[in-house]
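# Tertiary structure, described
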Amino acid sequence: SGLSQEAGSVEQLSLRCAEGSLEWLYPTGALRLRLAPRLPPATAAATTQDRTPRHLTACVKPAGTFRGAQLYLEREGGLELLLPEAPRPRARCFSWVPPETVALFLQATPHPDISRRIAAFRYELRGGDWLARPALPAATGEGACRPCNDTEILMAICTSDFGKHSPPPLQESIIGVSAARIHRQKFPLFRAGGRAGGSIRTPLRCGVKPGPGTFLFTGWLHFGEAWLSCAPRYRDFQRIYRGARHTRQNPCEFPAD
């Protein structure tokens, strides 16, 4: 609460969890939020064996009642406005490469009255180049909508937050699906059987359209919502997987019936 802060003071905090939320009542002064996620050594390293830089990514999403402050990204001695006061309720994401350090600077905005205001947002901290994944609305360029190649399909079924095969999607930006089978999900987002199996989001510009057949949907969880990654036809996935298994190049085991 800002009621316990001195006017003009800057409180220092560290955000270490993979995801969480912050709620600041009666904003006064400022909060400086250092982003210091606890990551495995292999992820936290600045380089990999091929000396390619490894990224860390953060996403913030304001609450619908975000008032009384503005949120800035602090990096390399400068400030970039991420969330103005009363922002649209959409996520903002950014990446950086260790050993670079970044922070969020939440600054109270002056108001003539002392009415109750709450600056609240949710955040996610991820290892790897999270923005490059087509699951997220922050992904840009043609890569956000292009079909996955065989290698990406195999990796998606091994590493995604969910994998299920279903009849084709019914909508564009929000895909309504009925699940024939759920192969894996980290959280109970979908249920098998019936017409209301769940929903998956994808950028509107990708122009997802209905089509015949059964698809294998994979993707990621982003602020509690399922976002689409790869969605090959199920028969195509079975062909790709069996070929990879025959040559012992499948990255994980999958019950291909």
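Residues numbered from 1 in each chain as written. Predicted model: local features only at pLDDT ≥ 70, side-chain atom pairs only at ≥ 80, totals over all residues. Heavy atoms only, no water.

How we decide: UniProt positions are given in the numbering used here, feature names are shortened, and annotations may be inferred rather than shown by experiment.
You'll find the protein chain entered in an unreviewed UniProt entry as METRN protein, with Pterocles burchelli given as the organism. The UniProt entry for the protein chain carries the following text under Subcellular location (unreviewed entry): "Secreted". According to the UniProt record, the Sequence similarities (unreviewed entry) comment for the protein chain reads "Belongs to the meteorin family."

### A short note on the pairing of strand 14 (residues 215-222)
Put simply, the rule reads: Think of it in three bands: residues with accessible area under 20% of the maximum for their type are buried, residues over 50% are exposed, and the middle band is partly exposed, with areas taken using a 1.4 Å probe on protein chains only. Secondary structure is summarised from DSSP: a helix means a run of H or I of at least four residues, a strand means a run of E of at least two, and numbering begins at the N terminus for each. Two strands make a pair as long as DSSP finds a minimum of two bridges between them.
Judged by how many residues are buried, strand 14 sits mostly within the fold: 8 of 8 residues are covered. The sheet contact formed by strand 14 and strand 15 (residues 225-228) spans 4 bridges and is antiparallel. Looking at strand 15, one finds that Trp220 is bridged to Trp227. Turn length for the strand 14-strand 15 hairpin, with the two strands adjacent in sequence and antiparallel, is 2 residues, and the turn residue Phe223 shows positive phi of about 50°.

### Examining helix 3 (residues 234-246)
Short version of the rule: Helix span, as expected, comes to 1.5 Å for every residue beyond the first. Each direction from the helix axis to a C-beta atom contributes to the arc, which is the arc of those directions.
The first and last C-alpha atoms of helix 3 sit 18 Å apart over 13 residues, in line with the 18 Å expected at 1.5 Å per residue. Of all the residues in helix 3, the buried ones are Tyr234, Phe237, Gln238, Ile240, Tyr241 and Ala244. Viewed end-on, helix 3 has its buried residues packed into an arc of 170°, placing them on one side of the element. Among the exposed residues of helix 3, those oriented more than 90 degrees off its buried face are Arg235, Arg239 and His246. Just downstream of helix 3 lies Arg248, where phi reads positive at about 60°.

### As for the sheet that holds strand 7 (residues 92-96)
What counts, and what does not: Here, axes are lines fitted to C-alpha atoms. For helices the fit covers the stretch in contact, and angles between N-to-C directions go from 0 to 180 degrees.
Spatially, the 4 strands line up as an open sheet ordered 2-9-4-7, and their pairing is antiparallel. Among the strands making up the open sheet, the edge pair consists of strand 2 (19-25) and strand 7. Strand-to-strand twist in this sheet, taken as the mean axis angle between neighbours without regard to direction, amounts to 20°. Alignment of strand 2 against strand 9 (residues 118-127), held across 7 bridges, turns out to be antiparallel. What sits directly across from Leu25, in strand 9, is Ile118.

### So, the packing of helix 2 (residues 150-159) against helix 3
For clarity, the threshold we go by: Roughly parallel refers to an angle under 35 degrees, roughly antiparallel to one over 145, roughly perpendicular to one between 65 and 115, and oblique to any angle outside these ranges. Any pair of residues with heavy atoms lying within 4.5 Å of one another is described as a contacting pair. In the scheme used here, Gly and all other residues not listed as nonpolar or charged are polar, with Ala, Val, Leu, Ile, Met, Phe, Trp, Tyr, Cys and Pro taken as nonpolar and Asp, Glu, Lys and Arg as charged.
Two elements in contact, helix 2 and helix 3, have axes whose closest approach is 10 Å; the angle formed by their N-to-C orientations is 90°. Put simply, helix 2 runs roughly perpendicular to helix 3. Every residue of helix 3 that contacts helix 2 at Asp150, Ile153, Leu154 and Ile157 is listed here: Phe237, Ile240, Tyr241 and Ala244. Class assignment of the residues belonging to the contact of helix 2 with helix 3 gives a composition of 7 nonpolar, no polar and 1 charged.

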